[in-house]
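These are the residues of each chain, in order.
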Amino acid sequence: MPKRDRNGKAEIWTDDQLVQLWTELSPRFRALFSICLYAGCRISEARQLQAEDVIGTHIVFRKQTTKSKATRQVKLHPSLKTVLGEIELPATGYLFPGKYDGYISRQAADLALRNACDRLGFRGYSTHSFRRTALTRLSNAGVPLRVIQKISGHASLTVLQKYLEVTDDQMEDAISHI
């Protein structure tokens, strides 16, 4: 079921939609959401990243900030490097500091995305759309599920598979191989 009124599965972004969305967002939010997209992480994990978690060519998601309570590292995608290079990142502390203290709030991230989507007329999208899009794209590219599981930090393949979108075209193509 597609996401409606903040219920259901978050929609998957198309390339065209992402191009439009990136132009509607501030560089700071574009960077935050790009981490979710290019690292396949949860918004809560991206919000809590610290400058020290970007190490050379990798991002480290510390066990304290992950749902699975396991540390994982993901290689920096070239597009993510570019986006992060477009903003001034703090040398220490949270990459996305909050307005008053700590890290940026979930409400601030949700509001920025919701406002951009409203201006563009996009419906059914949420911060979780970036994670679902990343994992679906990896699956569509033929990346083995165990590899996607390591990138995403899912504890089980069963839960991971719920994230992956299957299109009518993919089902039709699959049937043609019988």
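You'll find the structure just up there.
Here's what I pulled together on the structure shown here.

Conventions we followed
The numbering scheme is per chain: residues are counted from 1 as the chain's sequence reads. Since the coordinates come from a predicted model, pLDDT governs what is reported: local features require at least 70, and pairs of side-chain atoms require 80 or more to be given and counted, while whole-chain, interface and lining totals use all residues. Here the side-chain values reflect all heavy atoms present in the structure, with hydrogen atoms and water set aside. When a carboxyl oxygen of Asp or Glu is within 4 Å of a side-chain nitrogen of Lys or Arg, the pair counts as a salt bridge. Per the convention used, a helix needs a DSSP run of H or I reaching at least four residues, while a strand needs a run of E reaching at least two, with both numbered from the N terminus. Only protein chains enter the calculation, and the probe is 1.4 Å; a residue is then buried if its accessible area is under 20% of its type maximum, exposed if over 50%, and partly exposed in between. The disulfide criterion used throughout: a pair of cysteine sulfur atoms within 2.5 Å.

Some thoughts on the pattern of salt bridges
Considering all chains together, one arrives at 7 salt bridges under this definition. Across the salt bridge formed by Glu-24 and Arg-119, the nearest N and O atoms sit 2.6 Å from each other. Placement of the pair is Glu-24 in helix H1 (residues 15-24) and Arg-119 in helix H5 (residues 106-120), with a sequence separation of 95 residues. Look at Glu-24 and you get partly exposed, because its relative accessible area is 29%. Salt-bridge contacts for Arg-42 lead to Glu-45; the nearest nitrogen and oxygen are separated by 2.8 Å. Where salt bridges share partners, they join Arg-42, Glu-45 and Arg-72 into one cluster.

Looking at the state of the cysteines
Disulfides are covalent bonds that link the sulfur atoms of two cysteine residues. Considering all chains together, one arrives at 0 disulfides under this definition. Left unpaired, Cys-41 is separated from the closest cysteine sulfur, that of Cys-36, by 4.3 Å. On the basis of relative accessibility, which here comes to 1%, the residue Cys-41 falls in the buried class.

Concerning unusual backbone geometry
Leaving glycine out, the prevailing phi sign among residues is negative, and the prevailing peptide bond configuration is trans. The phi dihedral of Lys-69 falls on the positive side, at around 60°, and the residue is not glycine. Relative to the assigned elements, Lys-69 resides in the loop between strand E2 (58-61) and strand E3 (72-75). Residue classification places Lys-69 among the exposed residues on the basis of a relative accessible area of 55%.

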